[in-house]
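Structural characterization, general
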Amino acid sequence: MDNNTVKTVKFGGSSLANAEQFRKVYKIVTSDPDRRYVVPSAPGKRFKEDAKVTDLLYACYDRASGGEPFGEAFAQIRERYDGIIKELSLPLSLEEDYAEIESALIHKIGRDYAASRGEYLNGKILAKYLGYDFIDAADIIFFREDGSFDSERTNEVLSSVLKRHDRAVIPGFYGSMPNDTIKTFSRGGSDITGSIVARASLSVLYENWTDVSGFLMADPRIVDHPKSIRTITYRELRELSYMGATVLHEEAIFPVRIAGIPINIRNTNQPEEEGTMIVSLCPPDGKSVITGIAGKRGFSVINIEKDMMNQERGFGRRVLQVIENSGICFEHLPSGIDTMSVVINTADLAPYRDMVINNICTAVDPDAISIEDDLALVAIVGRNMVNAKGTAARILKAAAEAGINIRMIDQGSSEMNVILGVDESDFEKAVRAIYREFEE
Ligand code: ADP
Ligand code: ASP
Ligand code: MG
C-alpha cells in the first residue's frame, strides 16, 4: 500500500475516558481511511473529581509495594474497563490480563510496569472496537541501559513491523528496557509515542486529539477563553510546552521534527474545529506579536555578588561546575556586571542546597550569596517578537500596571522569548495581565 497519505492519530485520556468518548473516537478514526495508526492513552477523568486510571495504577503499586491490600483501587480499574467493554458490547474479556497484573503487583514487579497497564488494556479494547491489529509497545519502543530513549533502534524495528500491519493500535506511554522490563516515559508521555509512530510510519500528519480546540494562547485554567493559535512552529511550541503549557508533552516534537511531519492538535469533543498546526517554519505574519504565554511555579534563585566579577576569568564556569557536580540542571542565568544569578528548580535543588552554597563559596569566594525561593517563571513566546519594537516594554508595563513585582527578566538570545521571574503569589495575575496586553 502507498504510504503517502498515512496519518497517525493519538487520543488522550479524556478522549477515551468512557464508552461515549470511545464512540466519538470511532467516528473520528473511521471517517478518514488514512487514519491507520492509532495511539491511545489510558482512560482519564470523566468529570473533575474523577481519578485517572494511571493514578489508580500508581496507587495500587504503592500499596502493594508497602505490603498493603490494593483490592479497592484495582476493583475501580476493572470497573472502568469492564464498563466500556459492556457498553460497547465488545466480544472481549480482560480477565486473564487482570489476573496477570494483580499477580505482578503482588510480586512487586515494577512501578513503570504497573502504570503502563493503563495504556496496554485501553489499547486492547480500542483495537477490538476499531477492528485494528494490536501491537504491544513493549515490542517496538526501546530504551537504553541508562534509561534514555533509543530512537534509532525503535525507528528501525517499528518501521519494519508497521509494514506488516495495515491498521494498528499501539498503546502510548511505555516501551521496554534491554532486560525486557517495562519502562514508561514521564507523565503525559503518550504524546511522545504518537510522534514516534508518526515518524516510523512515514505519516503525512500526526493528529493529537485532546479536550481543547488546539493550542491556546494561554492556559485556559488561568485565562478565560484564551484565543486559539492557528499555526505555531516546533520551536515556539517546545518553549511553551517546556514552560508549562502541558497540552503536548515537551519532548513530543523531536521524532516528528526530524521527519518534517506537522502535528495537528484537535478536539475530540469538537471534531469540526481545525485546531492548531505545528510546523517547522511559518513566516512572521505580522499579525500578533506574541504566539503564547506559559509559566511554571517552583523555582529558586541563587544570587552571587562579587566586585569586579566581570574581570575574574572562569568565574561563571566555576559556579556552573558546582551546579553540574551536584547533578542538577539550571534554567536561567541572568547576570549583571558584579552579580550572577542561577535559577534552578526548587525541588531539584532541595537535597543539595547547603552543599551547593558551600561549594560556590569555596570555588569563587563571593562578597555575598543568597537563595530566594517562591519564584514563578512566565515565558512570553513569539516568532514575530524579533521584528516588533518595544515588546519588552509592553510586557513590563502590563506587569507594572497590575502591581506585579518583577524579580528577574531574561530575553532569550533567539529573541523569540522573554522570561519573567515573579513571586509565586503573582503568577496567575502576571499571565492574565500580559495576555490582555497582547490579545488582539
Ligand atoms: P490529554 O489527556 O488529551 O493528553 P492533557 O490534559 O494532557 O490532555 O492536555 C490538555 C490540557 O492542557 C487542557 O485541558 C488544558 O487544561 C491544558 N493546557 C495548559 N496550557 C494550555 C494551552 N496553552 N493550550 C491548551 N491547553 C492547555
Ligand atoms: N496515562 C499517562 C499519564 O497519565 C500518559 C498519558 O496520558 O499520556 O501520564
Ligand atoms: Mg496529555
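Residues numbered from 1 in each chain as written. Chains lettered and ligands numbered in written order. Predicted model: local features only at pLDDT ≥ 70, side-chain atom pairs only at ≥ 80, totals over all residues. Heavy atoms only, no water.

**Examining unusual backbone geometry**
Rule in force here: Per the convention used, a helix needs a DSSP run of H or I reaching at least four residues, while a strand needs a run of E reaching at least two, with both numbered from the N terminus.
One non-glycine residue with positive phi stands out, namely His 225, at about 45 degrees. Among the secondary structure elements, His 225 is positioned in the loop between β7 (205–210) and β8 (231–233). In this structure, Asp 374 takes a positive phi of about 60 degrees despite not being glycine. Inspection of the secondary structure puts Asp 374 in strand β13 (residues 368–381).

**Re the pattern of salt bridges**
Applicable threshold: When a carboxyl oxygen of Asp or Glu is within 4 Å of a side-chain nitrogen of Lys or Arg, the pair counts as a salt bridge. Only protein chains enter the accessibility calculation, which uses a 1.4 Å probe. A residue is then buried if its area is under 20% of the maximum for its type, exposed if over 50%, and partly exposed in between.
According to the stated counting rule, one finds 23 salt bridges in the structure shown. Two residues, Lys 124 and Asp 97, come together in a salt bridge whose shortest N-O distance is 3.2 Å. Placement of the pair is Lys 124 in helix α5 (residues 111–130) and Asp 97 in helix α4 (residues 95–106), with a sequence separation of 27 residues. Judged by relative accessible area, which is 9%, Asp 97 ranks as buried. A single salt-bridge network, built from bridges that share partners, covers Arg 46, Asp 50 and Arg 80.

**Focus: the packing of helix α3 (residues 71–87) against α4**
Our working definition: Fitted lines through C-alpha atoms serve as axes, helices being fitted only where they are in contact, and the angles separating the N-to-C directions of these axes extend from 0 to 180 degrees. Comment on the angle field: the value is read as roughly parallel under 35 degrees, roughly antiparallel over 145, roughly perpendicular from 65 to 115, and oblique elsewhere. We call a crossing left-handed when the near helix sits turned anticlockwise from the far one by less than a right angle, and right-handed when that turn is clockwise. In what follows, a contact means two residues having at least one pair of non-hydrogen atoms within 4.5 Å. All residues other than Ala, Val, Leu, Ile, Met, Phe, Trp, Tyr, Cys, Pro, Asp, Glu, Lys and Arg, Gly among them, are scored as polar; the first ten of these are nonpolar and the last four charged.
Put simply, α3 and α4 touch, their axes get as near as 12 Å, and they point 160 degrees apart. Taken as axis vectors, α3 and α4 run roughly antiparallel relative to one another. Between α3 and α4 the crossing geometry is right-handed. Every residue of α4 that contacts α3 at Phe 74, Arg 78, Tyr 81 and Asp 82 is listed here: Glu 95, Tyr 98, Ile 101, Glu 102 and Leu 105. Taken together, the residues that form the contact of α3 with α4 break down as 5 nonpolar, no polar and 4 charged.

**Points about the sheet that holds β7**
This is how it is decided: At least two bridges found by DSSP between two strands is the condition for calling them paired.
Spatial ordering of the open sheet is given by β3-β4-β2-β1-β7-β9-β10-β8, a layout of 8 strands whose pairing is mixed. Every other strand in the sheet has two partners, leaving β3 (133–134) and β8 as the edge strands with one partner each. Across the sheet, helix α1 (residues 19–30) lies against β1 (7–11), β2 (35–40) and β7, angled at about 170 degrees from β1, the strand it touches most.

**Section: helix α10 (residues 315–325)**
Test applied: By definition, the arc is the one covered by directions from the helix axis to the C-beta atoms.
Inspection of α10 places Phe 315, Val 319, Val 322 and Ile 323 among the buried residues, and these make up the whole buried set. The buried residues of α10 occupy one face: seen down the axis, they fall within an arc of 100 degrees. Seen from the buried face of α10, the exposed residues on the opposite side, beyond 90 degrees, are Arg 317, Glu 324 and Asn 325. Here the buried face of α10 lies against β11 (292–305), β12 (339–345) and α12 (353–364).

**Considerations on the packing of aromatic side chains**
Keep this limit in mind: Note on ring pairs: Phe, Tyr and Trp rings are taken, using the six-membered ring of Trp, and paired if centres are within 6.5 Å. Classes follow the plane angle, with under 30 degrees stacked, over 60 edge-to-face and the rest tilted. Distance and angle both matter: a charge sits over a ring if NZ of Lys or CZ of Arg is within 6 Å of the ring centre and within 35 degrees of the ring normal.
Under the definition given, this model contains 9 aromatic pairs. Where Phe 11 meets Trp 209, the ring centres are 6.0 Å apart and the plane angle is 20 degrees; that geometry is what we call stacked. With a gap of 198 residues between them, Phe 11 in strand β1 and Trp 209 in strand β7 connect regions that are remote in the sequence. Trp 209 carries the same exposure label as Phe 11, and that label is buried. Here the aromatic rings of Phe 22 and Tyr 129 are separated by 6.3 Å at their centres, their planes lie at 50 degrees, and the arrangement is tilted. Linking Phe 22 in helix α1 with Tyr 129 in helix α5, this pair joins segments that are 107 residues apart in sequence. Tyr 129 matches Phe 22 in its accessibility class, with the two residues each being buried. Three or more aromatic residues link up through ring pairs in this structure, and these residues are Phe 22, Tyr 26 and Tyr 129. The ring of Phe 142 carries the charged tip of Arg 153 above its face, separated from the ring centre by 3.8 Å.

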